[in-house]
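Chains, contacts and geometry: an overview
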Amino acid sequence: MSNGSELWQRETIEALSSLDEVSVKLDAGSCELQNKINIPLKPACVTHQVRGIRRLHGAVIQSCFITGPITNANDDNVTEWIAAIKQSMPRRVDMYTIARRTPAKKLAPVSDLRLLEIARRLAEESGISTRVYGATERLQLY
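Report follows, based on the coordinates. Remember, it's a predicted structure, so these values are computed and weren't measured experimentally.

Residue position: alanine 99 is located in the loop between β3 (92-97) and β4 (108-109). The exposure class of alanine 99 is exposed, given its relative accessible area of 58%.

Here it is, written out as structure tokens:
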């Protein structure tokens, strides 16, 4: 599992490429939203993560969808995210939502219905295999 922030380094790609399966977090399709959601110590850019994921040749992307003061689940944000996913060329996408309280108390899980809508849209637009996990159970495979 990697947050993807160091995928620009050749050594990181080489090390991760030796593993059977690599999962990389990608929660947004824009640098600005990715940094708002993940609050990294050093700002990260989706553009660099996408390039790194491509270089891993078949990584799994893990994406967490949230709602509240910050959301990545509205239509515009999902459009940007799908574009980044398609450019990344992953083997599979695992989608989920938060299942417990977060330090940011106003954040909330995305509904199971919304997760399934996003997954269905990703499948239709990309054909990429997708697993969907709700707050308490696995919901669907696409």
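Turning our eyes to something else, we now look at the environment of tryptophan 81. Structurally, tryptophan 81 is set in helix α4 (residues 75-88). Expressed as a C-alpha distance, the spacing of tryptophan 81 and lysine 25, which sit 56 residues apart in the sequence, is 12 Å. Leave out the neighbours within four places in its chain, and tryptophan 81 touches Leu26, Asp27, Ala28, Gly29, Ser63, Phe65, Val93, Met95, Ile118 and Leu122. At 3.0 Å, the side chain of tryptophan 81 forms a polar contact with the side chain of serine 63.

With that settled, consider the nonpolar core. Counting residues in each nonpolar core, the largest one holds 29 residues, and the members touching the most others are Leu56, Phe65, Trp81, Ile85, Val93 and Met95. For this core, the secondary-structure elements that each account for two or more residues are α1 (10-17), α3 (46-55), β2 (60-67), α4, β3 and α5 (112-126).

Among the eight residues of β2, six are classified as buried, and the element is accordingly described as predominantly covered. Bridge analysis of β2 against β3 gives six bridges, and the strand direction is parallel. Residue pairing in the sheet places serine 63 in a bridge with methionine 95 of β3. Handedness of the β2-α4-β3 crossover: right-handed. Where β2 meets β4, two bridges bridge the pair, whose relative direction is antiparallel. In the strand pairing of β4, threonine 67 is matched with alanine 108.

About the cut-offs
- Residues numbered from 1 in each chain as written.
- Predicted model: local features only at pLDDT ≥ 70, side-chain atom pairs only at ≥ 80, totals over all residues.
- Heavy atoms only, no water.
- Helix = DSSP H or I, 4+ residues; strand = E, 2+ residues; numbered from the N terminus.
- Buried < 20%, exposed > 50% of the residue type's maximum accessible area, 1.4 Å probe, protein only.
- Contact = heavy atoms within 4.5 Å.
- Polar contact = N/O pair within 3.5 Å; in protein donor to acceptor, adjacent residues only side chain to side chain.
- Core = buried A, V, L, I, M, F, W, Y, C linked by side-chain atoms within 4.5 Å.
- Pairing = 2+ DSSP bridges.
- Right-handed = clockwise from strand over helix to strand, strands pointing away.

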